[in-house]
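As a plain string of letters, each chain reads:
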Amino acid sequence: MMTNQENKYEAGFSSNAKKDPVRVVFISKKTSATVTGDPGQQVMTYPHLVVREAIAFMVLVIALVAVALFWDAPLEQLANPLLTPNPAKAPWYFLGLQELLHYFPPLVAGIIIPTLVVIGLVVIPYFSVNVQGKPLWSEDRKRNLWMVLFVLVALVLLLGFSRAWTVLVPTALIGALMLYSYFAAAKSSPRREYLRTRPLSWWIMTWFILVAVVLTVVGTYFRGPGWSWVWPWSNHAG
Amino acid sequence: MTTSFSFQGALERLRETRVWRSIFRRGPARTNRTRSLAIFGNLFLHLLPVKVREKSLGVRASYYLGSISFLLFIVLVISGILLMFYYHPASPQAYRDMKDLRFVVSNGVFLRNLHRIAAQLMVLLVFWHMFHVFYRGGYKPPHEFNWVIGVFLLLATLFLSYTGYLLPWDQLAFWAITVGTNIISAMPAIGKKVRFISLGGNRVGENALLRFYVLHCVVLPLIAIVLIAVHFWRVRKDGGLTVREHDDEPGK
């Protein structure tokens, strides 16, 4: 019911209720808010999510109790500042850092690298480059290849010079996979196709995780007295 | 009189009572309106959205890693409070308390085991949660700031675990903290001072034990609780979990 000519396409209220009949429908010329994405089918949090979390809690508690009944938390002798164990090890999640300390000076391995890792993690979402997750080898393939090669060679030289073998090996492995994915032909096999279409951020994070896991496992199981290499199945391992 | 007792029926009748309604501000959640009320009428649940995407409930979407990390935190708070009843942050009494937990306190070993396993698992799951979110692109707009809060939650988890590591006051604890805190002194200029402040002295001793105890039982849990609350609330405000096309299809 449109009677007011000048206000025909405008959404709004008229103050003159006598002249303008009550509008039931507004037709606006303006565009509506853009729908950015289809949220998909939605369900009520209560009960759907709440019940699932309750079940997760019960399963978790049962599992924890089962393990706690059969596995004992370690307890050694009373703390003794005069008796240094060899090797003295940090908790497992810091053993990667302790392994780094073996290769690099404390300022680098103990302060600079952890600080850079935390800063790096914090700024991840603020790099607005490549939000779509374009593959590393999609555009400017040649240029990207040269840059990757340059960084790889520099890293391998630096790590080799520092004799940081347990960092060098996973780094070289990721580098080899990157080069392999560059030369992998399109649509050859699902696994190759997967590697070929990874963005740069995926490679960096995977490299970081692989190095961290290797360092932690080596620090936990393969380091003995004087931080020397030991095999976990040999007897003298501390 | 009914001939057989039905648990479901009893629960339904309980939900109709005035007392139930006064506590939960609603009757039974039979309609979508009352189901919404169940969420936003509850201080704790209102951190969650009223509706969630069906896809985000699929196991593959999250593996419930964040939820389980939080549930582990609850287990840790409860078992931690029980442990505090038997613990003195003093040398060498702290170590004697460990022995008492083993030989005197009923279920003391179980309590300590539970706390320890949950703590190790939480560190592992928080890491896994972060990497999983990264690979799904869960940090992308509008989730940027929640990712940052997540990084600080990871740090809070690590510090909680690390400060707890000293409390048994055995050789393992003492030397792990000595090795770790020695790294701090590598900081240029202020390293020695920072180490002195965190240990309450130049070496790991009774002051360090007390400081780590206060950090472990009061300061860091409070920080973690606040960060967890903001983290959950931001998941709701930022429009729920990141879902992908194939999340509800197994094996994709």
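J.: Outline the overall build of chain B, listing residues and values.
T.: Across its full length, chain B carries 11 helices and one strand. Whereas a compact globule of 252 residues would reach a radius of gyration of roughly 18 Å, chain B reaches 23 Å, over 25% beyond that. With the principal axes as the frame, chain B shows a C-alpha extent of 70 × 50 × 35 Å. Residues classed as buried in chain B amount to 38% of the 252 residues present.

J.: I'd like a rundown of the interface of chain B and chain A, residues and numbers included.
T.: It is common to give the size of an interface as the accessible area that goes away when the parts come together. At the interface, 63 residues of chain B touch 54 residues of chain A. At the level of secondary structure, the elements contributing two or more residues to the side of chain B that touches chain A comprise α3 (32-40), β1 (51-53), α5 (65-84), α6 (93-103), α7 (108-135), α8 (144-166) and α9 (171-184) of chain B. When residues of the side of chain B that touches chain A are assigned to their parent elements, the largest contribution, 11 residues, is made by α7(B). By residue class, the composition of the side of chain B that touches chain A is 43 nonpolar, nine polar and 11 charged. In the sheet, strand β1 (residues 42-44) of chain A pairs with β1(B) via three bridges, with the strands oriented antiparallel. When the sheet's bridge partners are listed, A:Gln42 is paired in β1(B) with B:Arg53.

J.: Hey, could you go over the nonpolar core for me, with residue numbers and the actual values?
T.: Ranked by size, the top nonpolar core spans 67 residues in total, and within it B:Leu72, B:Ala118, B:Met122, B:Leu166, B:Trp169, B:Ala173 and B:Ala176 carry the most contacts. Of all the elements, α7(B) adds the most residues to this core, at 12 residues. Discounting residues that sit within four places of it in the chain, B:Ala173 has contacts with A:Ala79, B:Tyr165, B:Leu166, B:Leu167 and B:Pro168. Membership of the second largest hydrophobic core comes to 11 residues, among which are A:Leu49, B:Ile39, B:Ala61 and B:Val235.

J.: So what's going on with the environment of B:Phe232? Which residues, and what values?
T.: All names here are of chain B. Looking at the secondary structure, you find Phe232 in helix α11 (residues 206-237). Taking the number of C-beta atoms within 10 Å as the measure of exposure, Phe232 has 20 and is therefore buried. Taking the C-alpha atoms as reference points, Phe232 and Arg18, separated by 214 residues in sequence, lie 31 Å from one another. If we ignore the near neighbours within four places in the chain, the residues touching Phe232 are Leu47 and Leu48.

J.: Lay out the packing of α5(B) against α11(B) with the relevant residues and their values.
T.: Residue and element names in this part refer to chain B. The geometry of α5 relative to α11 is characterised by a closest axis approach of 12 Å and an angle of 155 degrees between their N-to-C directions. Accordingly, the angle class assigned to the pair α5 and α11 is roughly antiparallel. In terms of crossing hand, the pair formed by α5 and α11 is left-handed. Seen from α5, the contacting residues are Phe70, Phe73, Val77, Gly80 and Met84; seen from α11, they are Cys217, Pro221, Ala224 and Ile228. Classifying every residue of the contact of α5 with α11 gives eight nonpolar, one polar and no charged.

J.: Residues and numbers for the environment of A:Leu158, please.
T.: If you trace the backbone, A:Leu158 turns up in helix α4 (residues 141-161). With 10 residues separating them in the primary sequence, A:Leu158 and A:Leu168 have C-alpha atoms 9.1 Å apart.

J.: Residues and numbers for the environment of B:Asp238, please.
T.: Residue and element names in this part refer to chain B. Here Asp238 shows up in the segment after α11. According to the C-beta neighbour criterion, Asp238 is partly exposed, with 16 such atoms within 10 Å. C-alpha separation for the pair Asp238 and Leu166, spaced 72 residues apart in sequence, amounts to 38 Å. Sequence-distant contacts of Asp238, that is, excluding residues within four places in its chain, are made with Pro142, His143 and Asn146.

J.: I'd like to hear about the confidence of the model for chain B, residue by residue, with values.
T.: Looking at chain B, pLDDT values average 92 and 97% of them are 70 or higher. The ipTM for the predicted assembly is 0.89, set against a pTM of 0.88.

How each quantity is defined
- Residues numbered from 1 in each chain as written.
- Chains lettered and ligands numbered in written order.
- Predicted model: local features only at pLDDT ≥ 70, side-chain atom pairs only at ≥ 80, totals over all residues.
- Helix = DSSP H or I, 4+ residues; strand = E, 2+ residues; numbered from the N terminus.
- Rg over C-alpha atoms; globule rule 2.2 N^0.38 Å.
- Buried ≥ 20, exposed ≤ 12 C-beta atoms within 10 Å, placed from the backbone.
- Contact = placed C-beta atoms within 7 Å.
- Nonpolar A, V, L, I, M, F, W, Y, C, P; charged D, E, K, R; others polar.
- Pairing = 2+ DSSP bridges.
- Core = buried A, V, L, I, M, F, W, Y, C linked by C-beta atoms within 7 Å.
- Axes fitted to C-alpha atoms, helices over the stretch in contact; angles between N-to-C directions.
- Parallel < 35°, antiparallel > 145°, perpendicular 65-115°, else oblique.
- Left-handed = near helix turned anticlockwise from the far one by under 90°.
- pLDDT = per-residue confidence, 0-100.

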